There are 2 protein chains.
Amino acid sequence: MAARRPTIRDVARRAGVSVTTVSHTFTGNGTVAPATQQRVRSAAHDLGYRPDVIAQGLRRNRLGVIALVARQLDALRPDLLVDVDYFARFAGAAAVASLAEGLGLMLVSDPTGPRAAGAALASDGFIVTEPVTDDPLVAMLTSAGIPFVTVGEVPGGAPVDDPAAAPLVDIESGRLTTLALDHLWEAGARRIALVTGTDRNEWNLRTAAVYRRWAAYRRITPAMAHVPEALDDEGGRRAAATLLDAGPPPDGVYALTSNHALGVVSVLSERGLRVPEDVRIVAGSDAESLRTAHPAISSIDLQPDELARRAVEALVARLDDRPAPDHTGEPVGQLVVRASSGSA
Amino acid sequence: MAARRPTIRDVARRAGVSVTTVSHTFTGNGTVAPATQQRVRSAAHDLGYRPDVIAQGLRRNRLGVIALVARQLDALRPDLLVDVDYFARFAGAAAVASLAEGLGLMLVSDPTGPRAAGAALASDGFIVTEPVTDDPLVAMLTSAGIPFVTVGEVPGGAPVDDPAAAPLVDIESGRLTTLALDHLWEAGARRIALVTGTDRNEWNLRTAAVYRRWAAYRRITPAMAHVPEALDDEGGRRAAATLLDAGPPPDGVYALTSNHALGVVSVLSERGLRVPEDVRIVAGSDAESLRTAHPAISSIDLQPDELARRAVEALVARLDDRPAPDHTGEPVGQLVVRASSGSA
DNA sequence: ATGAAAGCGCTAACAT
DNA sequence: ATGTTAGCGCTTTCAT
């Protein structure tokens, strides 16, 4: 059935021109008379011709595909996808933004491993969301000279000599941490604890650092618990237990992962502490489940859609050798106040 | 900086063999003496050589990428991503499964449109989740002879002459609908209403059909409300209002979309109806937010991970011209009973 | 304004 | 077991 796809040569023959002319009318290179263009286009249309992206890719050394490496995507336990909302919104928006640029968006777990899918490496560029300390992927991309953009900075990364070499979408952990903590403070909390995940990414590390400084500034005693992201609510439960057993109960908790926040809330209520009357809670990442929880839980909405759009935009700029657009002064990420920290 | 990538020729020269030998050692075609293989491999290693996937693709007419078309991905409003949990779990698992097969997974909204990203069409095959009535994409793929797999059947599609031509991952709407309705019935509900979305896909259409038959069989009066998926909880609220205003209040509701179920619950409680005492609820799609809702809401877990794995498996089989594996007798999708329909 | 021809990096006949 | 060579479909000098 599937008759061989028409090639550029078929079109040329049918239009009575050379392949060069066909190529030119489609790429916009060279100059071809409007009348000829018309002929070529209609010939192409009749034949149902579409330029072969792979052949183009071979010549131009550009495939038209960018890869998204999401650290939430664990190759070993895909069913354990952490932070579903963030991942979905980010991936969805990134796909749409890429498509709008005429690029495909490939989902990749981590091409560093031995079984790296060949196609993964064929991408024109990479978006790495939440790179971790000494990220091997970042090292690989850097040494291979493959363009990439990270969402959140590479913690402890050697200071980049050329900042333009590795554009970065700022996730503004510092500002957002302060935002969340100040909000808890203003709501009356004075013993504010922090619950983070254990991935060594900017979000966890910087938040902890800023929290310490903030605590010193406010003259409160810092209390932290770190639990693996993948433990979900159970992780939050453990963190809450740890905090409660460690000393006087906190009257405010900032839990970075949405599921941790949910776990914290359940332990609190089991122990007879009311939210928000006794303890105010803010989660560091927004999710559907927070909105519909009882009480609804306040959170930092990282606006993954916007982050994804910026990441694609920055990567495309880099691919085109243009400077990345500057978003200074356009903060991303916002506090969403819900019942868990609202006026009691 | 980026020195030109080494090519197969560089490796051949360095190993003192022909390009054919290099090609053969990597593809496994032909026969190459083990000793030679060794030489080739180490030469390749020294040079940091990786076969160029694009060039391979050009020759083999296979890129090593499959495309995922998710209907939840609306190009116009990516921030309005519907059914986040399903999308994320499906896409995540599909990506991991593809990668395991050495294939990349490209996210695509709908390559049918005019601004179709070229790369999208370059994929070796497509996975279409939840095709709709007379799906234009399915028509396009069929006529272009591009391999694809649908998750859920194409409603009202002309009966396919060759069933092997368009493999299908069965989402088992019939069985799951009966499962949910029987569960409500056994929990004591007798006026059971149905809330569906308005997308014209198998899930909505078949569920409604099975519901009607089931109602006839149980001799209850069917009561249905259809609201757009994208309206989220607000849609559920409208549906609930419609149902409550239409006659005697239902004592059981099966709401296909998780957010609709949440909306239904909130309207019920606003009107003084208790869940599950007065009305029992089951949602037709599982989500984090249902698990953590109060009361927690029962649901049909469609097991998107498993569906995705099967879809990839079927597509890969098709690409290799093997028959698709048969999963008859291995039901997918299960009822998760939570407080909203548990014993009162 | 148009065309001829040389590859892009690789694979697959077809020798040897 | 290894090598020669002709393309895959396209872009791109370089002529004309």
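Counting from 1, residues in each chain are numbered in the order their sequence is written. Throughout, the order in which chains and ligands are written sets their labels, letters from A for the former and numbers from 1 for the latter. Where totals are concerned, whole chains, interfaces and linings use all residues; where local detail is concerned, this predicted model gives features only for residues with pLDDT of at least 70, and gives and counts side-chain atom pairs only at 80 or more. Note: side-chain values were computed over all heavy atoms of the structure, leaving out hydrogens and water.

## Digging into the protein's contact with DNA strand C
The criterion, for reference: In this text, near means that some heavy atom of the residue lies within 4 Å of the molecule or strand in question. Whenever two N or O atoms come within 3.5 Å, that pair is a polar contact, provided that in protein one can donate a hydrogen and the other can accept it, and provided that, for residues adjacent in sequence, both atoms are side-chain atoms. The secondary structure listing takes helices from DSSP runs of H or I that are at least 4 residues long and strands from runs of E that are at least 2 residues long, numbered from the N terminus. Gly is put with the polar residues, along with every residue not named as nonpolar or charged; the nonpolar set is Ala, Val, Leu, Ile, Met, Phe, Trp, Tyr, Cys and Pro, and the charged set is Asp, Glu, Lys and Arg.
Around DNA strand C sit 23 residues, and of these A:A33, A:T36, A:R59, B:I8 and B:Y49 come closest. Near the protein, within 4 Å, the atoms of DNA strand C are sugar or phosphate in 57% of cases. Here a base nitrogen of DNA strand C and a side-chain polar atom of A:R59 are 2.4 Å apart. At 3.3 Å from a base nitrogen of DNA strand C is found a side-chain nitrogen or oxygen belonging to B:T20. Secondary-structure elements contributing two or more residues to the surface near DNA strand C are α2 (19–27) and α4 (53–60) of chain A together with α2 (19–27) and α4 (53–60) of chain B. With four residues, the single largest contributor to the surface near DNA strand C is α4(B). Grouping the amino acids of the surface near DNA strand C by side-chain chemistry returns nine nonpolar, 11 polar and three charged.

## Examining the relation of the copies chain A and chain B
Heads up, the rule is: In superposing the copies, a least-squares fit is computed on C-alpha atoms, taking residues whose pLDDT is at least 70 in both. Note on contacts: a residue pair qualifies if any of its non-hydrogen atoms lie within 4.5 Å across the two residues.
Rotating chain A by 180 degrees and moving it 0.0 Å along the rotation axis overlays it on chain B with an RMSD of 0.1 Å. The two molecules are tied by a two-fold rotation axis, judged by turn and shift. Same-surface contact between copies: 98% of interface residues of chain A are shared with the interface of chain B.

## A short note on the sheet that holds strand β5 (residues 168–169) of chain B
Threshold: Here a strand pair is declared whenever DSSP counts at least two bridges between the two strands. Axes here mean lines fitted to C-alpha atoms, for a helix over just the part in contact, with angles spanning 0 to 180 degrees between N-to-C directions.
Spatial ordering of the open sheet is given by β5(A)-β4(A)-β3(A)-β1(A)-β2(A)-β2(B)-β1(B)-β3(B)-β4(B)-β5(B), a layout of 10 strands whose pairing is mixed. The open sheet terminates on both sides in strands that have one partner only, identified here as β5 (168–169) of chain A together with β5 of chain B. Two elements, strand β1 (residues 65–70) of chain B and strand β3 (residues 125–129) of chain B, share five bridges in a ladder whose sense is parallel. The residue bridging B:I66 from the neighbouring strand is B:G125, located in β3(B). Strands in contact with helix α13 (residues 304–319) of chain A are β1 (65–70), β3 (125–129), β4 (148–151) and β5 of chain A; relative to β4(A), the strand with the most contacts, it is inclined by about 160 degrees. In the packing of helix α7 (residues 136–144) of chain B onto the sheet, the strands contacted are β1, β3 and β4 (148–151) of chain B, and the crossing angle to β4(B) comes to about 155 degrees.

## Quick word on the interface of chain A and chain B
Spelled out, the test is: Buried area counts how much accessible surface, traced with a 1.4 Å probe, disappears from two parts once they are put together, with both parts' losses summed. Here, a salt bridge means any Lys or Arg side-chain nitrogen found within 4 Å of an Asp or Glu carboxyl oxygen.
Taken together, the contact between chain A and chain B spans 56 residues of the former and 56 residues of the latter. Of the roughly 4,500 Å² buried where chain A meets chain B, counting both sides, 67% is carbon and sulfur surface. Considering only the surface of chain A that becomes buried against chain B, A:I54, A:L99 and A:L107 emerge as the three largest contributors, covering 14% of it. Our count for the chain A to chain B interface comes out at two salt bridges. Salt-bridge contacts for B:D233 lead to A:R291; the nearest nitrogen and oxygen are separated by 2.3 Å. Here chain A is connected to chain B by four residue pairs in polar contact (both at pLDDT 80 or more). Secondary structure elements with two or more residues in the side of chain A that touches chain B: α4, α5 (84–100), β2 (104–108), α6 (118–121), α11 (258–270) and α12 (288–291) of chain A. Per-element accounting of the side of chain A that touches chain B gives the leading share, 12 residues, to α5(A). The residue makeup of the side of chain A that touches chain B, split by class, is 34 nonpolar, 12 polar and 10 charged.

## With respect to the domain arrangement of chain A
Residues and elements named next belong to chain A. Applied cut-off: Segmentation of the chain into domains, including their bounds, is taken from an automatic or database domain assignment.
Domain boundaries assigned for chain A yield domain 1 (65–171 + 304–329) and domain 2 (173–302 + 335–341). On a C-alpha basis, the centres of domain 1 and domain 2 stand 28 Å from each other. Facing 15 residues of domain 1, the contacting portion of domain 2 comprises 17 residues. Approximately 1,300 Å² of surface area, both sides summed, lies buried where domain 1 meets domain 2, with 52% of it carried by carbon and sulfur atoms.

## Observations regarding a negative patch on the surface
Residues and elements named next belong to chain A. Rule in force here: Only residues whose relative accessible area exceeds 30% and that form no salt bridge are eligible for patches; like-charged ones are grouped when within 9 Å, while nonpolar side chains (Val, Leu, Ile, Met, Phe, Trp, Tyr) are grouped when within 5 Å. To be clear on the numbers: accessible area is Shrake-Rupley with a 1.4 Å probe, and residue cover counts the displayed protein chains and nothing else. Neither His nor the chain ends contribute to the count of charged residues, in which Lys and Arg are positive and Asp and Glu negative. The atom standing in for a charge is NZ when the residue is Lys, CZ when it is Arg, CG when it is Asp and CD when it is Glu. The rule is simple: take the accessible area with a 1.4 Å probe, protein chains only, and divide by the maximum for that residue type; under 20% is buried, over 50% is exposed, in between is partly exposed.
A surface patch of negative charge is lined by E101, E313, D326 and E330. By the element assignment, E330 lies in the loop between α13 and β11 (334–336). What makes E330 partly exposed here is its relative accessible area of 37%.

## Considerations on the packing of helix α1 (residues 8–15) of chain A against helix α3 (residues 34–47) of chain A
All names here are of chain A. The test is simple: Orientation categories follow fixed angle ranges, with anything under 35 degrees roughly parallel, anything over 145 roughly antiparallel, 65 to 115 roughly perpendicular, and all other angles oblique. Crossing chirality is assigned from the near helix's rotation relative to the far helix, an anticlockwise turn below a right angle marking it left-handed and a clockwise turn marking it right-handed.
Put simply, α1 and α3 touch, their axes get as near as 9 Å, and they point 125 degrees apart. Judged by the inter-axis angle, α1 sits oblique to α3. Note on packing geometry: the crossing formed by α1 with α3 is right-handed. Residues D10, V11, R14 and A15 of α1 touch α3, and the partners they reach there are R39, V40, A43, A44, D46 and L47. When its residues are assigned to classes, the contact of α1 with α3 shows six nonpolar, no polar and four charged.

## Quick notes on the UniProt feature "domain: HTH lacI-type" (unreviewed entry) in chain A
Threshold: UniProt positions are given in the numbering used here, feature names are shortened, and annotations may be inferred rather than shown by experiment.
Following the UniProt record, one finds the feature "domain: HTH lacI-type" (unreviewed entry) at residues 6–60 of chain A. Helix makes up 71% of residues 6–60 of chain A and strand 0%, with an end-to-end C-alpha separation of 21 Å.

## A few points about the packing of helix α8 (residues 173–186) of chain A against helix α9 (residues 202–218) of chain A
Residue and element names in this part refer to chain A. Relative to each other, α8 and α9 sit at 45 degrees, their axes nearing to 9 Å. Here α8 lies oblique to α9, going by the angle between them. The two elements α8 and α9 meet at a crossing, and its hand is right-handed. Between α8, through S173, G174, L176, T177, T178, L181, D182 and W185, and α9, the contact on the second element is made entirely by E202, W203, R206, T207, V210, Y211, W214 and R218.

## A few points about the pairing of strand β6 (residues 192–196) of chain B
Residue and element names in this part refer to chain B. So the rule is basically this: Assignment of crossover handedness uses the view with strands pointing away from the viewer, where a clockwise path from the first strand over the helix to the second indicates a right-handed crossover.
Among the five residues that make up β6, five are buried, leaving the element largely enclosed by the rest of the structure. Of the two faces of β6, both are covered, the one formed by I192, L194 and T196 as well as the one formed by A193 and V195. As paired strands, β6 and strand β8 (residues 252–255) are joined by four bridges and run parallel to one another. If you follow I192 over to β8, its bridge partner there is G252. In the sheet, β6 pairs with strand β7 (residues 223–226) via four bridges, with the strands oriented parallel. Residue pairing for β7: T196 is matched across the bridge by H226. In this fold, β6 hands off to helix α9 (residues 202–218), which returns the chain to β7; that crossover is right-handed.

## Some words on the side chain of A:T150
Residues and elements named next belong to chain A. Within the secondary structure, T150 is located in strand β4. Here the side chain of T150 touches G152 through a polar contact of 3.0 Å, landing on its backbone oxygen. Contact partners of T150, with chain neighbours within four places excluded, come to V128, P131, V138, P167, L168 and V169.

## Some remarks on the sheet that holds strand β9 (residues 280–283) of chain A
All names here are of chain A. A sheet is described by the order of its strands in space; here six strands give the open sequence β7-β6-β8-β9-β10-β11, paired in mixed fashion. Of all strands in the sheet, those bounded by a partner on one side alone are β7 (223–226) and β11. Between one strand axis and the next, the sheet turns by 20 degrees as a mean value, whatever way the strands run. Across the sheet, helix α10 (residues 232–246) lies against β6 (192–196) and β7, angled at about 150 degrees from β7, the strand it touches most.

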